[in-house]
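# A look at the structure
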Amino acid sequence: MGNPLLDICAVVDKDFLDKYGLKPNDQILAEDKHKELFDELVKKFKVEYHAGGSTQNSIKIAQWMIQEPHKVATFFGCIGTDKFGEILKKKAEEAHVDAHYYEQEEEPTGTCAACITGDNRSLVANLAAANCYKKEKHLDLEGNWALVEKAKIYYIAGFFLTVSPESILKVAKHASEHNKVFALNLSAPFISQFYKKPMMEVMPYVDILFGNETLPLVAVIIHHVRSALFDPQTEDIEEIAKKAQSLSKENKKRQRIVVFTQGKDGTIAMTFPVLEIDQSEIVDTNGAGDAFVGGFLSQLVQERSLEQCIRAGHYAANVVIRRAGCTFPEKPDFH
């Protein structure tokens, strides 16, 4: 489950970032001051459109890595009954993802501006329809819940905590009660800063926690378990990962796995090096984190080792950063 968005990607200049108060490498929700940003982006720069949204990106990558059978993954999210919504449905179909959208007429389909400068990207999401997902109008429907029951792995990006935490909890509890895998991504700094309560409510059900080194997870942990666990000044990512792993957990049959990516510096789970890449080959880091998760999930669902899951995550991210948007060639070359 997640926020289905249509990505509008463009290489911009520093003046554009400054005009809208954007950091070169960040992920934020659109405010009133960003209203004109989307139109200006389309008018002023050469844009590309891609079906996006963090969770949907990861699911697309997982399906691409697996290739066949098609529709190994089901995706829930909310869209509008408009042109962008039709594009998203078409793109999901092309990616062989089994998308079951909740369609409503009040809000238009969500969009995400990816403002690229060098190898940085600043994401501004206008959730619109994605913000309108309703548990009782979609997840609770018999046919949809049957799809949840059929699944054996669940993945939701932290972004969805801003939309429907009650939907996340229902799925997370189901996974825990049936000893199935529930994975959550910390997603972006603002999630752990402003949505601590729903995040910590779902944390006891999390079997796999994804994140990256820019996230202020420290603040979340300190806020809830105080500094008794560790020095609040620590910036040691491995130390933070260990403490995240030790947070309370409902399903004792599964030990929590914490996977923090660190861009070119590798991945913390037990520390795995990333694939080398010449900086000149990097086109767009937008979607690298989503691609990592997709690669990881593609092996997890086949019950491969943690090392193999991380290798696949690194491979997928390495492919995606050489291209614009979260896109990929026809077939993977992963062995």
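Labelled according to an unreviewed UniProt entry, the protein appears under the name Adenosine kinase, originating from Scleropages formosus. One UniProt comment on the protein, placed under Catalytic activity (unreviewed entry), says "adenosine + ATP = AMP + ADP + H(+)". Checking UniProt for the protein, the heading Pathway (unreviewed entry) contains the comment "Purine metabolism; AMP biosynthesis via salvage pathway; AMP from adenosine: step 1/1."

### Considering the pairing of strand β6 (residues 110-117)
With respect to burial, β6 is a largely interior element, eight of its eight residues being buried. Neither face of β6 is open: one carries Gly110, Cys112, Ala114 and Ile116, the other Thr111, Ala113, Cys115 and Thr117, and all of them are buried. In the sheet, strand β1 (residues 5-11) pairs with β6 via seven bridges, with the strands oriented parallel. Across the sheet, Cys9 pairs through a bridge with Ala114, a residue of β6. As judged from the seven bridges shared by β6 and strand β7 (residues 120-126), these two strands associate in the antiparallel manner. Within the sheet, the bridge partner assigned to Ala113 lies in β7 and is Val124. The hairpin turn running from β6 into β7, its antiparallel successor, is two residues long, and Gly118 in that turn takes a positive phi close to 60 degrees.

### What about helix α7 (residues 165-177)?
With 13 residues, α7 extends 18 Å from end C-alpha to end C-alpha; this agrees with the ideal 18 Å at 1.5 Å per step. Where the residues of α7 are buried, they touch α5 (135-139), α6 (142-150), β8 (153-157), β9 (181-185) and α9 (196-202). Phi turns positive, to about 50 degrees, at Asn179, one or two residues after α7.

### Re the nonpolar core
Inside soluble globular proteins, nonpolar side chains tend to come together where they are buried. Counting residues in hydrophobic clusters, the biggest one holds 68 residues, and the most contacted among them are Tyr133, Phe182, Phe210 and Phe296. For this core, the leading source of residues is helix α12 (residues 288-300), giving six residues. Look past the residues within four positions of Tyr133 in its chain and what remains in contact with it is Met1, Phe76, Gly77, Cys78, Tyr102, His138, Leu139, Phe160, Val163, Ser164 and Ser167. Among the nonpolar cores identified, the runner-up in size contains 15 residues, and Leu37, Phe38, Ala113 and Cys115 belong to it.

### Quick word on the pattern of salt bridges
Enumeration according to the criterion identifies 13 salt bridges in this entry. For Lys14, the salt bridge identified is with Asp18, shortest N-O distance 2.8 Å. Residue Lys14 and its partner Asp18 are located together in helix α1 (residues 14-19), separated by four residues, close to a single helical turn. The class for Lys14 is exposed, based on a relative accessible area of 58%.

### A few points about the environment of Phe182
With respect to the helices and strands, the residue Phe182 is situated in strand β9. Sequence separation between Phe182 and Ile153 is 29 residues; the distance between their C-alpha atoms is 6.1 Å. Discounting chain neighbours no more than four positions away, the residues touching Phe182 are Tyr154, Ile156, Ile168, Val171, Ala172, Ala175, Val202, Tyr205, Val206, Asp207 and Ile208.

### As for helix α4 (residues 83-94)
Here α4 contains 12 residues, and its C-alpha end-to-end distance of 17 Å stays within 8% of the 16 Å for a straight helix at 1.5 Å per residue. Looking only at α4, the buried set comprises Gly85, Leu88 and Ala92. Burial along α4 is one-sided: seen end-on, the buried residues are contained in an arc of 55 degrees. For α4, exposure combined with an orientation more than 90 degrees from the buried face picks out Lys83 and Lys90. Elements that come into contact with the buried residues of α4 comprise β1, β3 (48-52), α3 (54-66), β4 (74-80) and β5 (98-104). Taken from the residues just after α4, His96 is the one with a positive phi, measuring 60 degrees.

### What about the packing of α3 against helix α13 (residues 306-320)?
Contact geometry of α3 with α13 gives a least axis separation of 11 Å together with a crossing angle of 105 degrees. If you check the angle between α3 and α13, you find them roughly perpendicular. On α13, the residues that touch Ile61, Trp64 and Met65 of α3 are Ala312, Tyr315, Ala316, Val319 and Val320. Here the contact of α3 with α13 is built from residues that sort into eight nonpolar, no polar and no charged.

### A word on the sheet that holds β6
In space, the five strands of this open sheet follow the order β2-β7-β6-β1-β3, with mixed pairing throughout. Both edges of this open sheet fall to β2 (26-29) and β3, since each of them pairs with a single strand only. Direction aside, the axes of adjacent strands within the sheet are offset by 20 degrees on average. Note: β2 against β7, four bridges, orientation parallel. Pairing of Ile28 across the sheet is with Val124, part of β7. Along the sheet, α3 contacts β1 and β3; its crossing angle with β3, the most-contacted strand, is approximately 85 degrees.

Conventions adopted
Residues numbered from 1 in each chain as written. Predicted model: local features only at pLDDT ≥ 70, side-chain atom pairs only at ≥ 80, totals over all residues. Heavy atoms only, no water. UniProt positions renumbered as here; feature names shortened; annotations may be inferred. Buried < 20%, exposed > 50% of the residue type's maximum accessible area, 1.4 Å probe, protein only. Helix = DSSP H or I, 4+ residues; strand = E, 2+ residues; numbered from the N terminus. Pairing = 2+ DSSP bridges. Expected span 1.5 Å × (residues − 1). Contact = heavy atoms within 4.5 Å. Core = buried A, V, L, I, M, F, W, Y, C linked by side-chain atoms within 4.5 Å. Salt bridge = Lys/Arg side-chain N within 4 Å of Asp/Glu carboxyl O. Arc of directions from axis to C-beta. Axes fitted to C-alpha atoms, helices over the stretch in contact; angles between N-to-C directions. Parallel < 35°, antiparallel > 145°, perpendicular 65-115°, else oblique. Nonpolar A, V, L, I, M, F, W, Y, C, P; charged D, E, K, R; others polar.

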